[in-house]
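Chain residues, written in single-letter form:
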Amino acid sequence: MPTLLPTWSEWKPAVRAPGADLTAGLIVALVALPLALGFGISSGLGAAAGMATAVVAGVVAAVFGGSRFQVSGPTGAMTVVLVPIVAVHGATGVLAVGLMAGLVLVVLAFAGVGRSVRYMPAPVIEGFTAGIAVVIALQQFPAALGIADAEGEKVWQTAFDAMRRYLEHPGAATPVTTLVVAVVVLIGGRYVPKLPFALVAVAAATAVVGVFEVDLARIGTIPSGLPAPSLGFVHFDQLGPLVMPALAVAALAALESLLSATAADSMAVGTRHNPDRELLGQGLANIAAPLFGGVPATGAIARTAVNVRSGARTRLAALTHAVVLAAIIYLAAPLVADIPLAALAGVLLATTVRMVETASLTAIARASRGDALIMVATFGVTVALDLVTAVVVGVGFAIVLALRSVACEARLEQVPLDDSDHLAEEHELLRDHIVAYRIEGPLFFAAAHRFLLELAEVADVKVVILRMSEVTALDTTGALVLKDVIAKLEHRHISVLLSGLRAGHRRRLSAIGALPTGGAQVLFTNTREAIDHARRYLPDGRSTHHQPARVSPTREN
């Protein structure tokens, strides 16, 4: 598929005028450095893994991705998914999961499923974004409190254990460092957003801690170069338990990357990303990153936003960001190794605060109780269990509420008949013995039982006419319920006539034997023909089941 491959035309503007992209790439790199280190540590594979991901995935996704502004690397959402994988399968398992997820993303790209992200409900997105922010914040508790061996199966359990241990032996240096860095990043980012305050705050904290020889946990040794490949040898029989984690990672990478690319489109004028190509780029990035010891990567919303706001014009900016990070690894690895973990925890805590859009949460909560329920459920499951389960639960709630809303649009009402042109006795006969109902909206499994079974209880009539022209959808469940209603009415010797039945709905009813007795002799183009038919044959006691009926080729309006 040629549209999924890079073209030279994408790089021509960068070659002619690279200045803006080089500047934007440098700024993004300075912002991304502490985030890459912090998310690498939070994932459980270490700071070097985070840097490897930012460099390798950053280069590959910049070249092959579908957005010219997207910046890829390790993200907080991905660390939330990776932590339990590390605990169960270890570092080698995580690298294998990343590679498998990359292959899945490539398949999804060529299958053309990138456009499906537009169907993700907004309450689900806001709910899991807020939940991710809380989980990332909880992940920072051990580092922020100086507890190295906090325990717990879930992140909130680990945070609680870190708090308990800290209260047993409290100290001020570590939490103060975290708090000061977080405050500086938040305040600086608010008033001077173009400056990389995260890097400034981390550098200042590192210098102060070093000068005063404060005993804080450091990042530790960082290789002066990309880590050697550490995927290891994985037998095929060991891949089975990794399939579900890989699918979860692929789903998250696709969702977060496409949402980030969509956000970039909204911030830049006249741009539109290719969602399938974006999946291809992220897939190739996740295939490459594990070969260099990197964790799975996604498009990073925060870094992408910085890229756009810094004046990026082409893919060269994202590529420059990765190259600058690689240079830092080679040239400044000893300096990076001295960064206190508490300082990185402060950066990530500030990041979580920025992730939560209070205005969006409030607007969705006020929109409807259903949307608020979806958002709260997604948020709660994200914090208590995991992100993938949360998305499944949130989408499930959304589907149920959507079906309920659609089902409520289905209506059954008696048709008012204008019989002023008929004799009084004929009008009396129609009123006493014939009743017509109009069915409107979708007649499917969520709506059929609500009123059709009540229809079977009509009394004191000889003919029931069902006007079907405004039935917008009819599934098998609705057809079976209608069959049951017709059978009950005919058992009570009440004739049933159908008017305005669409061809597709007629085929479905006929296939399951749901048409009234008499087949085509009880099917009419419009309600007036059905009424005239009933009037002609009811007075002398003859059944409508065996009388010929005139069916016009035009459908009732």
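Refer to the structure above for everything that follows.
Report follows, based on the coordinates. (Residues numbered from 1 in each chain as written. Predicted model: local features only at pLDDT ≥ 70, side-chain atom pairs only at ≥ 80, totals over all residues. Heavy atoms only, no water.)

### Things to note about the overall build of the protein
Alright, step 1. Within the protein one finds 22 helices and eight strands.
Alright, step 2. A buried classification covers 51% of the 557 residues belonging to the protein.
Alright, step 3. When contacts within the protein are restricted to residue pairs at least 6 apart in sequence, long-range pairs at least 24 apart make up 82% of them.
Alright, step 4. Of the roughly 25,400 Å² of accessible surface on the protein, a fraction of 64% belongs to carbon and sulfur atoms. (Helix = DSSP H or I, 4+ residues; strand = E, 2+ residues; numbered from the N terminus. Buried < 20%, exposed > 50% of the residue type's maximum accessible area, 1.4 Å probe, protein only. Contact = heavy atoms within 4.5 Å. Areas by Shrake-Rupley, 256 points an atom, 1.4 Å probe, with all protein chains shown as cover.)

### Here we look at the nonpolar core
Alright, step 1. With 80 residues, the main nonpolar core has L37, F128, I219, V249 and L325 as its most contacted residues.
Alright, step 2. Residue contributions to this core peak at 15 residues, all from helix α4 (residues 76-111).
Alright, step 3. Setting aside residues up to four positions removed in sequence, V249 forms contacts with M78, V81, L82, I85, V97, A101 and P296.
Alright, step 4. The next biggest cluster of nonpolar side chains, apart from the first, holds 24 residues, and it includes V471, L474, I486 and V496. (Core = buried A, V, L, I, M, F, W, Y, C linked by side-chain atoms within 4.5 Å.)

### Let's talk about the layout of surface pockets
Alright, step 1. Computed from the structure, the largest pocket encloses a volume of approximately 1,600 Å³.
Alright, step 2. Lining the largest pocket are 49 residues, with I301, A302, R354, M355 and E357 positioned closest to its centre.
Alright, step 3. Only α2 (19-43), α4, α5 (122-139), α8 (173-191), α9 (197-211), α10 (243-267), α12 (301-309) and α14 (341-355) provide two or more residues apiece to the lining of the largest pocket.
Alright, step 4. Looking at which element gives the most residues to the lining of the largest pocket, the answer is α10, with eight residues.
Alright, step 5. A breakdown of the residues in the lining of the largest pocket according to their chemical character gives 32 nonpolar, nine polar and eight charged.
Alright, step 6. Each pocket or cavity is described by its volume, and for the second largest pocket that value is around 1,200 Å³.
Alright, step 7. As for the second largest pocket, its lining consists of 48 residues, of which S42, V83, P84, Q139 and V155 are closest to the centre.
Alright, step 8. Broken down by element, the lining of the second largest pocket gets its largest block of residues, nine residues, from α4. (1 Å grid on protein atoms, 1.4 Å probe; cavity = no way out; pocket = protein on both sides within 12 Å on 5 of 7 lines; lining within 4 Å. Points joined across faces, edges and corners; volume = space filled by probe spheres on them. Nonpolar A, V, L, I, M, F, W, Y, C, P; charged D, E, K, R; others polar.)

### So, the packing of aromatic side chains
Alright, step 1. Enumeration according to the criterion identifies zero aromatic pairs in this entry.
Alright, step 2. It is R190 that lies over the ring of Y191; its NZ or CZ is 6.0 Å from the centre. (Phe/Tyr/Trp six-rings, centres within 6.5 Å; stacked < 30°, edge-to-face > 60°. Lys NZ or Arg CZ within 6 Å of the ring centre and 35° of its normal.)

### Describing the environment of A251
Alright, step 1. By the element assignment, A251 lies in helix α10.
Alright, step 2. Taking the relative accessible area as the measure of exposure, A251 reaches 44% and is therefore partly exposed.
Alright, step 3. Separated by 150 residues in sequence, A251 and A101 have C-alpha atoms that sit 8.3 Å apart.

### Re a nonpolar patch on the surface
Alright, step 1. Side chains of L179, V183, I187, Y191, V192 and L195 sit close together on the surface and give an oily, nonpolar patch of about 590 Å² of accessible area.
Alright, step 2. Within the element layout of this structure, V183 appears in helix α8.
Alright, step 3. A relative accessible area of 37% places V183 in the partly exposed class. (Patch = residues over 30% accessible without salt bridge, like charges linked within 9 Å, V, L, I, M, F, W, Y side chains within 5 Å. Salt bridge = Lys/Arg side-chain N within 4 Å of Asp/Glu carboxyl O.)

### What about the pattern of salt bridges?
Side chains bearing opposite charge may pair, as long as their charged atoms lie close to each other.
Alright, step 1. Counted according to the given criterion, the structure contains 10 salt bridges.
Alright, step 2. The salt bridge partner of R277 is E10, with a shortest N-O separation of 2.2 Å. Here R277, found in helix α11 (residues 275-288), pairs with E10, found in the segment before α1 (12-16); they are 267 residues apart in sequence, far enough to count as distant.
Alright, step 3. We classify R277 as buried; its relative accessible area is 4%.
Alright, step 4. Note that E470 is salt-bridged to R438, the shortest N-O span being 3.9 Å. Pair noted here: E470 is in the loop between β5 (463-467) and β6 (471-474) and R438 is in strand β4 (residues 434-443), with a separation of 32 residues, a long-range link.
Alright, step 5. Owing to a relative accessible area of 29%, E470 belongs among the partly exposed residues under this scheme.
Alright, step 6. Each member of the salt-bridge network shares a partner with another, and the members are E151, D161, R164, R165 and E168.

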